[in-house]
Amino acid sequence: MIEGKTKIIEDLDDPNLIRIRTKDSLTANDAAIKADLPVAKDKTTQNCCVMHYLKQAGVPVAYETRNDDTSFVSKKCEMIPVECVMRRRAFGSYLKREPSKKSGDIFDPLLTEFFHKNAVVGNEMMSEDKARELYLRDGEWTETVYTDPLIDFISIASTDTWMLFPPKEPRYDMQPLKYIQPEVDNETLEYIRTKLMIPCFELLEKAWKQFDVELIDMKIEIGRTSDGELVIADVIDNDSWRIWPKGDPKQQLDKQSFRDGEGLTEIQEKYAVVSGYTQQFK
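We now turn to the structure provided with this report. (Residues numbered from 1 in each chain as written. Predicted model: local features only at pLDDT ≥ 70, side-chain atom pairs only at ≥ 80, totals over all residues. Heavy atoms only, no water.)

Brief notes about the overall build of the protein
Looking only at helices and strands, the protein has seven helices and 20 strands in total. Since a compact globule built from 282 residues should have a radius of gyration of about 19 Å, the 18 Å found for the protein is in line with a globular shape. The C-alpha extent of the protein, read off along each of the three principal axes, is 45 × 45 × 40 Å. The contacts of the protein with a sequence gap of at least 6 include a subset with a gap of at least 24, amounting to 58%. Carbon and sulfur atoms provide 46% of the accessible area of the protein, an area that totals close to 13,600 Å². Taking the 39 positively charged and 51 negatively charged side chains of the protein as two groups, their mean positions are separated by 3 Å. (Helix = DSSP H or I, 4+ residues; strand = E, 2+ residues; numbered from the N terminus. Rg over C-alpha atoms; globule rule 2.2 N^0.38 Å. Contact = heavy atoms within 4.5 Å. Areas by Shrake-Rupley, 256 points an atom, 1.4 Å probe, with all protein chains shown as cover. Lys, Arg positive; Asp, Glu negative; His and termini not counted. Charge placed at Lys NZ, Arg CZ, Asp CG, Glu CD.)

Here's what the structure looks like:
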C-alpha cells in the first residue's frame, strides 16, 4: 500500500491491477494548504465517469472499473514522471512565464506543455514528497524549492538533454535549473501529445460544452502498462482542470476555489455539481 496526499494505492491479487482509494482531503500550493472535506465520493464519481467516457471514445486509459463509493480498479502502471498540461486559454502559471499574454487569450491549436514531476533543490532532484519532508515547515519553504519544473521544448528536440526551468518566472528571465537525461524519447513524447493529450482534452471540451461550461486547461499523467501500452493513468477529477460556466472565471467550479480561499461548504457543493455533470457525459 502507498498513501499519498489525496489517495491510497492498494495492491490486488492480480499483479497487473491496483485499487486507488480517494481520501476526503484537498491540498493546494505544494500541500501548504490542506483541508479535510467529504469529497472522496464525488471525486471518485468524476474520475470514473471521465475515464469511462474517454475509454468509450477509444482513448487508452488505465482505468478498469469502479470498486465502491470511494475507490476504483486500474491497471498497474510504471508512471512516467512528467506532468502533461493542455491549455485552451492563458491563465494561472502560464501568465507568470509569459507576462506579455493577456488572461483568457485563446490557444488554437491547443497549447501543450510538459513539467517534470520531481522537484529541484539547488542542483539536486528529488520527489516532491521528500522535498516537503525536508524543507516545508508550517506552509513555508525553508529552502528555494522548484516544484513541477518546466521542461524546455527546444531541448526536447535533442535526444541527449532536457533543460528544466523555473515554472513561475518570466521566460525572458529564466535560467536553467538543471540539465537531465530525457525520461522518454522524442517519439514517445510526440505519441503522448498527439494520441493521449490532445484527444483527451478535445473530448472533454466537447462534453463540457453540452452544459455551457468551458474547459480552460487541465493536466494528466501517463503510465506504461505491463504489456508496454502508454495510457492515461492516475485520476482525472475536479483537481485536474479549470472549468468556467459560460466562460466566466467568477463562476469557476474547480479546485481553484479552494486555492482562492472560498468557504469549504461552497467548495463541497461545487464538487457535487461537477459530479452531476460528469455523470451525463456522452
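What follows picks up the thread again.
Overview of the sheet that holds strand S7 (residues 71–75)
As summarised here, the arrangement of the five strands in space is S1-S2-S3-S7-S6, forming an open sheet in which the pairing is antiparallel. In the strand order of this sheet, the two ends are held by strand S1 (2–3) and strand S6 (63–68), each with one partner. For S6 and S7, the ladder comprises four bridges, and the chain directions are antiparallel. Directly across from threonine 65, in S7, lies its bridge partner valine 73. Across the sheet, helix H1 (residues 40–56) touches strand S3 (17–22), S6 and S7, and the angle it forms with S6 is around 150°. (Pairing = 2+ DSSP bridges. Axes fitted to C-alpha atoms, helices over the stretch in contact; angles between N-to-C directions.)

Regarding the pattern of salt bridges
Where side chains of opposite charge bring their charged atoms close, a pairing between them can arise. By the definition in use, this model includes 24 salt bridges. Linking glutamate 64 and lysine 55 is a salt bridge whose minimum nitrogen-to-oxygen distance equals 3.9 Å. Glutamate 64 sits in the partly exposed class, given a relative accessible area of 33%. Here the residues in one salt-bridge network are Arg87, Arg97, Glu113, Asp217 and Arg242, joined through shared partners. (Salt bridge = Lys/Arg side-chain N within 4 Å of Asp/Glu carboxyl O. Buried < 20%, exposed > 50% of the residue type's maximum accessible area, 1.4 Å probe, protein only.)

Side note on H1
In a regular helix each residue adds 1.5 Å, so 17 residues correspond to 24 Å; H1 covers 24 Å between its end C-alpha atoms and thus fits that length. Among the 17 residues that make up H1, 12 are buried, leaving the element largely enclosed by the rest of the structure. A positive phi of about 95° marks glycine 58, the residue just after H1. (Expected span 1.5 Å × (residues − 1).)

Quick look at the side chain of aspartate 152
Mapped onto the elements of the fold, aspartate 152 is located in the loop between strand S15 (150–151) and helix H4 (153–156). Buried charge without a partner: aspartate 152 forms no salt bridge, and the closest opposite charge is arginine 171, 4.7 Å away. For aspartate 152, the contacting residues outside a window of four places in its chain are Met163 and Phe165.

Thoughts on helix H3 (residues 128–135)
Along H3, the residues classified as buried are Glu128, Ala131, Arg132 and Tyr135. Mapping the buried residues of H3 onto a view down its axis gives an arc of 100°, with all of them on the same face. Where H3 is buried, its residues touch strand S10 (119–121), strand S11 (124–126), strand S12 (136–137), strand S13 (140–141) and strand S14 (145–146). (Arc of directions from axis to C-beta.)

Section: empty space enclosed by the protein
For the structure shown, the criterion picks out one cavity of 30 Å³ or more. Here the largest cavity is characterised by a volume of approximately 30 Å³. If you go around the largest cavity, the residues you meet are Ile80, Val82, Cys84, Phe114, Val184, Leu189, Ile192 and Ile222. Taken together, the elements giving at least two residues each to the lining of the largest cavity come down to strand S8 (77–89) and helix H5 (186–209). No other element matches the three residues that S8 contributes to the lining of the largest cavity. For the lining of the largest cavity, the class distribution of residues is eight nonpolar, no polar and no charged. (1 Å grid on protein atoms, 1.4 Å probe; cavity = no way out; pocket = protein on both sides within 12 Å on 5 of 7 lines; lining within 4 Å. Points joined across faces, edges and corners; volume = space filled by probe spheres on them. Nonpolar A, V, L, I, M, F, W, Y, C, P; charged D, E, K, R; others polar.)

Re the packing of aromatic side chains
Each aromatic ring pair is specified by the distance between its two centres and by the angle formed by the two planes. For the coordinates displayed, the defined rule picks out 10 aromatic pairs. Both rings, one in phenylalanine 91 and one in tryptophan 244, keep their centres 4.9 Å apart while their planes meet at 85°; by these two values the pair is edge-to-face. Of the two residues, phenylalanine 91 sits in the loop between S8 and helix H2 (93–97) while tryptophan 244 sits in strand S20 (residues 241–245), which places them 153 residues apart along the sequence. Tryptophan 244 shares its class with phenylalanine 91; the two are buried. Note on phenylalanine 211 and phenylalanine 281: the rings are 6.4 Å apart at their centroids and 20° apart in plane angle, and the pair reads as stacked. With a gap of 70 residues between them, phenylalanine 211 in the loop between H5 and strand S18 (213–225) and phenylalanine 281 in the segment after helix H7 (264–278) connect regions that are remote in the sequence. Phenylalanine 281 shares its class with phenylalanine 211; the two are buried. A connected cluster of aromatic rings, assembled from ring pairs, spans Tyr53, Trp208, Phe211, Trp241, Tyr277 and Phe281. (Phe/Tyr/Trp six-rings, centres within 6.5 Å; stacked < 30°, edge-to-face > 60°.)

Thoughts on the environment of tyrosine 53
Looking at where tyrosine 53 falls in the secondary structure, it is placed in helix H1. Measuring from C-alpha to C-alpha, the distance between tyrosine 53 and threonine 278 comes to 9.1 Å, with 225 residues separating the pair along the chain. Those residues in contact with tyrosine 53, other than ones at most four positions away along the chain, are Leu203, Leu204, Lys206, Ala207, Phe281 and Lys282.

By themselves, these are just geometric observations and shouldn't be taken as functional.
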